[in-house]
Amino acid sequence: MMNSILPLFVAIPLGASFLIALVSRKRKLPADIIANLSTLSLLVLSIIIFQARGVYKIGGWLPPAGINWVLDGFSNLFLVIINLISICATVFSIKYMKHYTGVYKYYSLFLLMTAGMNGVVLTGDMFNLFVFLEIASIASYALVAFGGEHEELEASFKYLVLGSLGSILILLGIALVYGMTGYLNMASISKAISSSGIGQVHIFAALLFITGFGIKAALVPFHSWLPDAHPSAPAPISAMLSGVLIKAIGIYSLIRIFFNVFGMNSIFGGMLIGIGILSMVIGVFLAVGQWDLKRLLAYHSISQMGYVILGIGLGGFIIANGGSLIVASLAFLGGLFHLLNHSVFKSLLFLCSGSIENATGTRQLKEMGGLLKKMPVTGTTCTIASLSIAGVPPFNGFWSKLIIVIAAMQAGYYIIGFVTILVSFVTLVSFLKVMRYSLWGPVSGILANVKESPVLMVLPLVLLALLCIGMGVIALPGVTEVVLKPAIEVLVRGAEYAGYVFSQL
Amino acid sequence: MDVNLLLPVIFIPAGAGLLILLLPERVKVVQEVISFIAGSIMLAGTIYSFFFHTLPVPAPFNEVFRSTSFSSFLLMIAAGFGFFITLYSISYMWKKERRRQFYAFLLLALAGTAGVLLSDHILAFLISWETVTLALYFLIIGGEQGAQKGATKSFIMLGATDGLLLFGLALLWQISGKVLFSEMHISTNTWISGLSFTALMISAITKAGAMPFHTWIPASSEAAHPPAMAVLPASLDKVLGIFFLFTLCNRIFVIGEGFQIALLVIGCITIIGAVLIAMVQHDLRKLLAYHTVSQVGYMIVGIGTLSPLGILGGLFHMINNSIYKSCLFLGSGAVGKKTGTFELGKLGGLAKAMPFTFIAFLIAALSISGIPPFNGFVSKWMIYQALLESVKSGTLSMNIIGTIVFIVAMFGSALTLASFIKALYSVFLGQKTEKTQTVLKEVSFAMWIPMMTLASVCVLLGVFYLFFIRNILGPITGLTPVFPGVWESSFAMVLIFTGFIIGLLIYLAGKIVRSSRVVEPYIGGEQENPEVHRVPGTDFYTVISNMPVLRNIYKGQAKEYLDPFEWFGKLGDWIIMIFKKIQNGLLPWYLSLSLIGLVISLVLFLSFFITF
């Protein structure tokens, strides 16, 4: 029975988290081992159940009273992303975290965050979602502050304040929905809304969700905490935050609620498109002016999340307006594919920045130079990731952006297509800048003795870089059928989600 | 596996390129051997396919790639360049850093070029096109110290126009409903097809390097290795850009007069603008780079005439330009390799020590200046004829524009000659300098054979142009030119040679009976430093840069006012400055920003509901 392993996705990291706190206070080695084993087992599990579908009832209680966890194509995709990046980050942490004290706390928080994210993408209950979301968020507040310096604490405080605002708004939204429909179970809410139609209070709740999850996903204009918080965290955490956290607790929840619970309509779709374009444009222009490598990367996360939301919102908008289902699927494909790609190349970029910072002691582009020669593996993987995010063929980012552009143009939204291309171009400019100043050029005097990072740090870089090169194949029709089609189906079917859940009970 | 066309032209070069990338940098010889073999296979395959038996495109790929006789002809030329450049580089790159990167991306550029020339599907075209851009970036950035600046600028400019290419192609797809170029036939009279044409045209002429989007070429020439310049900006990028422009104007779109005039004007400005800048350059590579730009103007004008003669002239000029321009760049590379400098002021008197380089450079220089009987003359002459024809038959505005373009093109040709007289004098003639004194021997045969081969092709194409146009270029493009007047090249050739031999005899006679004696310069019995009395060629045309109107243009050009890269850079800075105001680091402002977002969306929704 596949469904019975679902609880493991929360139980393993949660258990490992407490175990580490218990046994590894003095020595670092047990923490390394436990953390890596648990993330590895999570990745294996998420791949094993990739084709599985089903509903798990916690304690055997039936909804709407009981909490159920739903495994569908959309959740599967996120599970793989979360756990893939987790294992890369934990492997990277082994050497990277050597210089920090209290590493056991770090791993405990890390695994708590993973547990929270896994819970968010599995649960089929609104309040349960909120609980997991808070677990992941609070763990991430603490992780951002992990360095303990002035800068980190300030960033963490900003993140905490804004994150709490988001949580409050989400909670208020959940309360409103509960008040209107009398349910907390997503499938039941969806059924109730589709029979009663969308009212003004629903709309208000939806707005609260957009704002709340928008803060969690760092979409413009709710993005302002991210450029401080993501660079301040230790590099593997930055990779987790940018690579998966904003997606799992922000984008995922937003999409799940809008598509499967409320049901898509053209106003929501238009809203998502608008937010997507704002994020893309503002994020990228803020990024290109940065000279701090990690900060530059953080701004790009905003911009790239814009792509994801634009693609998915566009698909929803087209369906809601009765447009071509093929074009809508194409837009969904582009959005989801870009989400997958972004988690790979952005984590890779943050890990590269960690590797560079570890070796050179700086994050300022102007203080670097000639690193391709000094750190060949980091330099090469960084080049690959930069070209991926800039959308240069044959790397993965090119394909997903291309699909979004084609979908927009095929739907007749030429301006959206043009803006998408423009933003991609500015992304290219900013990563050419990164490569020009950090990887090429003369080696500056201070960096003459820089060495390549140890094998354990380089290993995840190579793995992710190979994914950047190879993931283009997902765009091929046969592969998409297996990898992304199930998730797209969930979006296309929209409010039929309820029927699916009830049929699986 | 059956022999097919894609194997020698895409799979083997790309595979070999990737293989070289995987080899460690320390390994010597292997990289050269692999690239030489791959280059030879590509050349052999294309020659076989063009002349003997057209190789088929295999099954899953025949939906996206389609070989026509024209594309396989251009493919053969590209492969020829690839082969000669590889041969040349073996010697040139021997002790340089980043050889691995050079060979790998050279092969990938060739594979990408093959992809562009063969692809019929818009996506295959786009991907191949961008592969060439990417390869260009890595080829240039692997150059000397400081190459990263020019390479970054090139990638930014080409990346921007690659974006336009994507936009234009997606529009094409949307308006025609088709994805294959061969099935499209669109008129430019609706705004949307006009927009698509404009976007695609800009990407084509930027790749080719026409003004005002030419600035990446001189920037990248500053520190790139000459073979890298010879292979991409000087030849393959031209071939691709002009090939695409040709396809656009003749196959995909039916263009209106407005666009025709636009093309002519762009061509005309490019011819004169670039040559004026070229005249005042002090660096051999930069001088050549600006001439590369200038020559594109002729091609664009040729295609812009829209008559078979002009289009053939433009295409012929593209082929010729690739030949003599890569010969010139290779010549500059030979000079640079021997002397260690590209500064015209520091060079001089190399003709005796490097005779092959000198002869090849001379022939190529005469070709580019449009001197009969070399190939550059013939193609320019075809373009002039086509211009005059279209002036005769066109509307009033065409008459005026055509006449102006004609005059400017002629004038540009004269300036090109002037500029190359300066270059030839500064590098090969005149007195020896500190840098050139130590040069006693010619470069190795692997370097001069490619140059001499290219130079002899210049002569051959110039003399037998009629055969080439009527029997090869005409049939494969499906165009039949009508020559208003035929230039009797073989008779002229005899006359020119006779004149040359007579001149030589007189020179030799003078040398034998010479009654003067040559001594070192001296003043008042004291030996003088010959360096003081040397006349460098660099200041030949300072008078031009001091002319009243031109002076200001030169000043603006020096300050990069005429560079779209700078315009958009400034615009970008300005946008960044505005957006940075949002991100001021103050928590209260961040909080209120989020709430403002909430309120705005609330207002939007309310207004929606009121309208319902």
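Here, the structure is the one placed above.
Note that the structure is a prediction, hence the values are computed from the model and not measured.

### Some points on the overall build of chain B
Per the secondary structure count, chain B includes 24 helices and four strands. Relative to the 2.2 N^0.38 estimate, which gives 25 Å for 612 residues, the radius of gyration of chain B is 26 Å and therefore close to what a compact globule would have. Principal axes of the C-alpha set define a box for chain B whose edges measure 105 × 60 × 60 Å. A separation of at least 24 residues holds for 81% of the contacts in chain B among residues at least 6 apart in sequence.

### Regarding the overall build of chain A
Summing up its helical and strand segments, chain A has 21 helices and two strands in all. For 505 residues, the compact-globule estimate of 2.2 N^0.38 gives 23 Å, and the C-alpha radius of gyration of chain A, at 21 Å, lies within 12% of that figure. Its C-alpha atoms give chain A principal-axis dimensions of roughly 70 × 55 × 40 Å. In chain A, which comprises 505 residues, the proportion classed as buried is 66%. Contacts in chain A between residues at least 24 apart in sequence constitute 80% of all its contacts with a sequence separation of at least 6.

### Quick notes on the interface of chain A and chain B
Residue-level contacts link 41 residues of chain A with 37 residues of chain B. Breaking the side of chain A that touches chain B down by element, the ones donating at least two residues are helix H6 (150–181), helix H8 (200–217), helix H11 (266–288), helix H16 (396–410) and helix H17 (414–439) of chain A. At 10 residues, H17 of chain A tops the list of elements feeding residues into the side of chain A that touches chain B. Taken together, the residues that form the side of chain A that touches chain B break down as 31 nonpolar, eight polar and two charged.

### Looking at unusual backbone geometry
All names here are of chain A. A cis amide bond links Val-220 with the next residue in sequence, Pro-221, at an omega value of 10°. Here Pro-221 is to be found in the loop between H8 and helix H9 (226–232). A cis amide bond links Pro-393 with the next residue in sequence, Pro-394, at an omega value of 5°. For Pro-394, the position within the fold is in the loop between helix H15 (376–390) and H16. The phi angle at Ala-218 is positive, at roughly 60°, despite the residue not being glycine. Structurally, Ala-218 can be placed in the loop between H8 and H9.

### Structural notes on helix H11 (residues 284–304) of chain B
Residues and elements named next belong to chain B. When the terminal C-alpha atoms of H11 are compared, their 31 Å separation across 21 residues agrees well with the 30 Å that a helix rising 1.5 Å per residue should span. Burial runs high along H11: 20 of the 21 residues are buried. At the exit of H11 stands Leu-306, carrying a positive phi of roughly 65°.

### Looking at the environment of Pro-308 of chain B
Residue and element names in this part refer to chain B. Position of Pro-308 relative to the elements: it lies in helix H12 (residues 308–339). Along the sequence, Pro-308 and Glu-560 sit 252 residues apart, while their C-alpha atoms lie 38 Å from each other. If we skip the residues at most four places from it in the chain, Pro-308 touches Leu-479, Thr-480 and Pro-481.

### Some details on the packing of helix H2 (residues 29–48) of chain A against helix H3 (residues 73–96) of chain A
Residues and elements named next belong to chain A. Across the interface, H2 lies against H3 with an axial gap of 8 Å and an inter-helix angle of 155°. Between H2 and H3, the angle falls in the class roughly antiparallel. Note on packing geometry: the crossing formed by H2 with H3 is left-handed. Contacts between H2 and H3 involve Asp-32, Ala-35, Asn-36, Thr-39, Leu-40, Leu-42, Leu-43, Ser-46 and Ile-47 on the former and, on the latter, Leu-79, Val-80, Asn-83, Leu-84, Ser-86, Ile-87, Thr-90, Val-91 and Ile-94.

Rules used throughout
Residues numbered from 1 in each chain as written. Chains lettered and ligands numbered in written order. Predicted model: local features only at pLDDT ≥ 70, side-chain atom pairs only at ≥ 80, totals over all residues. Helix = DSSP H or I, 4+ residues; strand = E, 2+ residues; numbered from the N terminus. Rg over C-alpha atoms; globule rule 2.2 N^0.38 Å. Contact = placed C-beta atoms within 7 Å. Buried ≥ 20, exposed ≤ 12 C-beta atoms within 10 Å, placed from the backbone. Nonpolar A, V, L, I, M, F, W, Y, C, P; charged D, E, K, R; others polar. Expected span 1.5 Å × (residues − 1). Axes fitted to C-alpha atoms, helices over the stretch in contact; angles between N-to-C directions. Parallel < 35°, antiparallel > 145°, perpendicular 65-115°, else oblique. Left-handed = near helix turned anticlockwise from the far one by under 90°.

Read these as spatial facts, not as claims about activity.
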